[in-house]
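Coordinate inspection notes
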Amino acid sequence: MAFSIMGAAFQTPIICNIKNNYNNNSSYSLEANHIRRAAEIADKSAGFTSPHPNFGCVIAKGVNIVGEGFLYAQGTKCAELQAVEAARELSNGATAYLNMEPGDCHGDQTAVSALIKAGISRVVLGIRHPLKHLRGNAIRSLRSEGVQVDVLGEDLQSQSIEEALKSCFLVNAPLLYRAASRVPFSVLKYAMTLDGKIAASSGHAWWISSKESRHRVFEIRGRCDAIIVGGNTVRRDDPKLTARHGGGHTPVRIVMSQTLNLPEVGNLWDVSEVRTIVATQRGARKSFQKLLASKGVEVVEFDILNTRSVMEYCYDRGYLSVLWECGGTLAASAISSGCVHKVYAFVAPKIIGGKNAPTPVGELGMVEMSQALNLIDVSFEQIGPDMLVTGFLQPIPDLTPVIPSIDETSAIDPSFTPYEASIKFFYKTWDPYGAFSNFSAHPLQMPDGNGGYLTWPSVEHYYQAHKFAGVDDLVAKDCVEQIKSAKSPEEAARIGRALQRKHPNLVRSDWDTAKIEVMYRALKCKFSIYPHLNSMLLSTEGSVLVEASPHDLFWGGGREGEGLNYLGRLLMQLRSEFLGEPSTSISQ
């Protein structure tokens with residue numbers, strides 16, 4: 001049976017599950033409705049804490065939903081655990097519907113164990129996990145415990161199920177694209193007049209679209225990890241590129257400029273609320289680079305600056321989604337390099353004319369209409385007086401039938417052993433060794449200084465709060481309380497970093513020398529109280545551990561290995577201590 005998702009056909013086997021009693025359309029519709037609901041609630045986290053996959057779980061008995069939950073962010077309580085806590089004793093014998101296979105990102109199989117302990121008898125998955133080192137793990141674990149597991153499109157099929165499957169693809173499209181193409185999911189957004197102009201011949205562009213459309217743009221920005229513009233946009237518009245009214249997440253701003261012919265004063269150089277990265281050609285205007293650095297702007301040099309290299313850099317930074325808000329020349333380059341996956345085109349009912357007025361996409365080298373790029377799964381929506389046209393330039397990839405799991409690969413090639421390199425990298429919590437991250441969801445019991453203990457949701461919560469520990473200032477004390485109650489490690493980091501940028505005088509005076517010891521104490525607690533983490537750390541004996549952040553040159557290894565990798569070094573020190581080997585204490 002073949003079906004199409006975003007214009008791409010996928011071949012799946014016909015499997016008759018008579019034992020499941022799927023013998024009428026109402027049964028299929030029920031399955032589809034619960035899966036669609038799981039995808040719907042999974043999307044609630046988008047735009048609040050990014051990047052992370054979107055997970056939703058619905059627990060039901062027949063038509064009755066008895067529990068729901070969604071993953072707010074990496075490092076927070078998983079959707080499955082939230083759902084079984086909401087359902088309580090009604091979980092026993094119920095069916096759990098998940099938009100995507102759980103990912104064991106913390107080494108303790110929390111999601112799977114929550115379902116098993118609750119007495120869930122059956123699990124229905126929308127799609128398998130798109131990351132190779134996680135795909136199939138949860139399915140095997142559940143089945144080994146006697147839980148029946150069905151996968152949409154593989155075990156269960158109908159028209160309504162195909163539609164539900166599409167919703168599962170859409171809610172995690174960024175992760176699917178990232179896993180398939182090794183670049184972030186990229187969206188091109190522009191506003192144009194009815195005659196296809198993005199500005200007047202003079203370059204004036206305020207305002208083409210309506211207030212309602214601009215509000216929608218803020219929402220789109222709030223769902224992305226980074227916004228990319230070119231030098232022309234910076235010089236002409238002096239944009240802020242914030243996500244006003246778009247939710248709690250504010251994306252990083254990236255400026256691409258080969259020559260760094262940019263103004264010395266601009267809104268993007270104010271990094272008090274959100275970071276700015278300038279990507280440029282190696283060696284360009286070193287004096288201007290120093291000026292930007294003095295303002296807190298991060299400058300990244302590329303041997304050859306182009307859209308592909310910047311997207312690969314964004315991939316290395318762990319971004320899931322990127323929004324292009326650039327002029328026609330840069331947009332054409334992004335499209336030509338295959339970096340644009342989706343288009344948001346706001347069309348205003350205005351005509352401005354002008355032979356030399358700029359258009360949203362520059363030269364693509366096409367001379368015939370037969371060469372035109374066709375959007376897939378096009379939709380139209382009226383927003384105020386404007387029309388929003390959206391569609392995909394590339395179909396959402398279905399990775400499941402293409403890439404075999406590690407176990408499947410090992411069965412074919414017994415000589416294959418995963419992660420055997422002498423250097424083991426970790427960065428995001430979805431990495432194979434992601435539990436090593438200071439952002440992983442492992443609460444700590446740390447001394448409070450008064451003879452008792454205080455629970456911290458993660459190492460990052462503890463670390464950020466201790467930047468201001470002991471500072472006799474109401475703002476600093478309030479920040480510590482905000483960090484303690486932050487819903488996720490990402491939020492704790494944002495709060496701590498923002499206050500440090502705004503009020504560097506509130507950071508404890510000994511922080512530069514104390515921060516390694518603070519991190520060490522938290523890590524030692526984490527790897528001492530969680531046996532599975534301790535075992536994972538000891539299993540890396542003989543390997544070099546590298547925190548693979550391309551931008552953190554202190555805790556991480558840097559983009560080209562130029563970082564100090566203090567986090568990796570601390571973990572190796574702890575590993576030696578746990579193994580009873582002599583180790584050298586790390587100091588700056």
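Residues numbered from 1 in each chain as written. Predicted model: local features only at pLDDT ≥ 70, side-chain atom pairs only at ≥ 80, totals over all residues. Heavy atoms only, no water.

In the nomenclature of an unreviewed UniProt entry, the protein chain is known as 5-amino-6-(5-phosphoribosylamino)uracil reductase of Papaver somniferum.

1. Concerning the overall build of the protein chain
Under the convention used in this document: The helix count covers DSSP runs of H or I at least four residues long, the strand count covers runs of E at least two residues long, and both are numbered beginning at the N terminus. A simple rule labels every residue: compare its accessible area, found with a 1.4 Å probe on the protein chains alone, to the largest value its type can have, and call it buried under 20%, exposed over 50%, or partly exposed in between. Contacts were defined at the residue level, with two residues in contact if any of their heavy atoms lie within 4.5 Å. Shrake-Rupley sampling with a 1.4 Å probe provides the accessible areas, and residues are treated as covered by the protein chains on show and by no other component.
The number of helices and strands found in the protein chain is 18 helices and 20 strands. Evaluated residue by residue, the protein chain yields a buried proportion of 55% over its 588 residues. Of the contacts made within the protein chain by residues no fewer than 6 positions apart, 70% connect residues no fewer than 24 positions apart. Accessible surface, the protein chain as shown: approximately 25,800 Å² in total, 52% of it carbon and sulfur.

2. Section: the pairing of strand S19 (residues 453–456)
Let me state the cut-off plainly: DSSP-based pairing: two strands are paired if at least 2 bridges between them are found.
Here strand S18 (residues 444–447) runs beside S19; their pairing, made up of 4 bridges, is antiparallel. In the strand pairing of S19, Pro 447 is matched with Tyr 453. Hairpin connection of S18 to S19: 5 residues between the antiparallel strands, including Gly 449 at a positive phi of 90°.

3. Here we look at the packing of aromatic side chains
To keep it simple, the criterion reads: Two aromatic rings, drawn from Phe, Tyr or Trp (for Trp, its six-membered ring), form a pair once their centres lie within 6.5 Å of each other, and the interplanar angle then sorts them: stacked below 30 degrees, edge-to-face above 60, tilted otherwise. Here, over-ring charges are defined by two tests on the NZ atom of lysine or the CZ atom of arginine: distance to the ring centre within 6 Å, and angle to the ring normal within 35 degrees.
Under the defined criterion, the tally for this structure stands at 12 aromatic pairs. Centroid distance Tyr 463 to Trp 511: 5.1 Å. Interplanar angle 50°. Geometry classified as tilted. Separated by 48 residues along the polypeptide, Tyr 463 in helix H13 (residues 459–465) and Trp 511 in helix H16 (residues 511–529) bring together distant segments of the chain. Comparing Tyr 463 with Trp 511 shows no difference in burial state: the two are buried. Three or more aromatic residues link up through ring pairs in this structure, and these residues are Tyr 463, Trp 511, Phe 554, Trp 555 and Tyr 566. The ring of Tyr 315 carries the charged tip of Arg 178 above its face, separated from the ring centre by 4.0 Å. Over the face of the ring belonging to Tyr 427 we find Lys 428, whose NZ or CZ atom lies 4.8 Å from the ring centre.

4. A few points about the sheet that holds strand S4 (residues 64–70)
Inclusion rule: To obtain an axis, a line is fitted to C-alpha atoms, over the contacting stretch when the element is a helix, and the angle between two such axes runs from 0 to 180 degrees between their N-to-C directions.
Strands sit in the order S4-S3-S5-S6-S7 across an open sheet of 5 strands; the sheet is mixed. Pairing within the sheet leaves two strands with one partner each, and these edge strands are S4 and strand S7 (148–151). On average, each strand axis in the sheet is tilted by 20° relative to the strand beside it, whichever way the strands run. Here strand S6 (residues 122–127) runs beside S7; their pairing, made up of 4 bridges, is parallel. Bridge pairing in S7 links Arg 122 to Gln 148. Along the sheet face, helix H4 (residues 137–144) touches S6 and S7 and points at about 150° away from the line of S7. Across the face of the sheet, helix H5 (residues 159–171) comes into contact with strand S5 (95–100) and S6 while running at roughly 65° to S6.

5. Side note on the pattern of salt bridges
The following threshold applies: Every case where a carboxyl oxygen of Asp or Glu lies within 4 Å of a side-chain nitrogen of Lys or Arg is listed as a salt bridge.
Under the counting rule described, the total for this entry stands at 22 salt bridges. Between Glu 68 and Arg 37 there is a salt bridge, and its shortest N-O distance comes to 2.7 Å. Separated by 31 residues along the polypeptide, Glu 68 in strand S4 and Arg 37 in helix H1 (residues 25–42) bring together distant segments of the chain. Residue classification places Glu 68 among the partly exposed positions, given a relative accessible area of 28%. Between Glu 577 and Lys 524 there is a salt bridge whose closest N-O contact spans 3.9 Å.

6. Points about the environment of Val 361
Mapped onto the elements, Val 361 comes out in the loop between strand S14 (342–348) and strand S15 (376–383). On the basis of relative accessible area, Val 361 is assigned to the partly exposed category, the value being 24%. Taking the C-alpha atoms as reference points, Val 361 and Leu 330, 31 residues apart in sequence, are found 8.0 Å from one another. Non-local contacts of Val 361, meaning those with residues more than four positions away in its chain, are made with Leu 188, Gly 328, Ala 332 and Ile 335.

7. Remarks on the packing of helix H14 (residues 474–485) against helix H15 (residues 489–502)
Keep this limit in mind: Between 65 and 115 degrees an angle is taken as roughly perpendicular, under 35 as roughly parallel, over 145 as roughly antiparallel, and anywhere else as oblique. Two helices that cross are described as forming a left-handed crossing if the nearer one is turned anticlockwise from the farther one by less than a right angle, and a right-handed crossing if clockwise.
It is at 9 Å that the axes of H14 and H15 come closest, and there the two elements cross at 165°. On the basis of their axis angle, the class for H14 and H15 is roughly antiparallel. When you trace H14 past H15, the crossing you get is left-handed. Contacts between H14 and H15 involve Val 475, Ala 476, Cys 479, Gln 482 and Ile 483 from the first element and Ala 492, Ile 495, Gly 496 and Leu 499 from the second.

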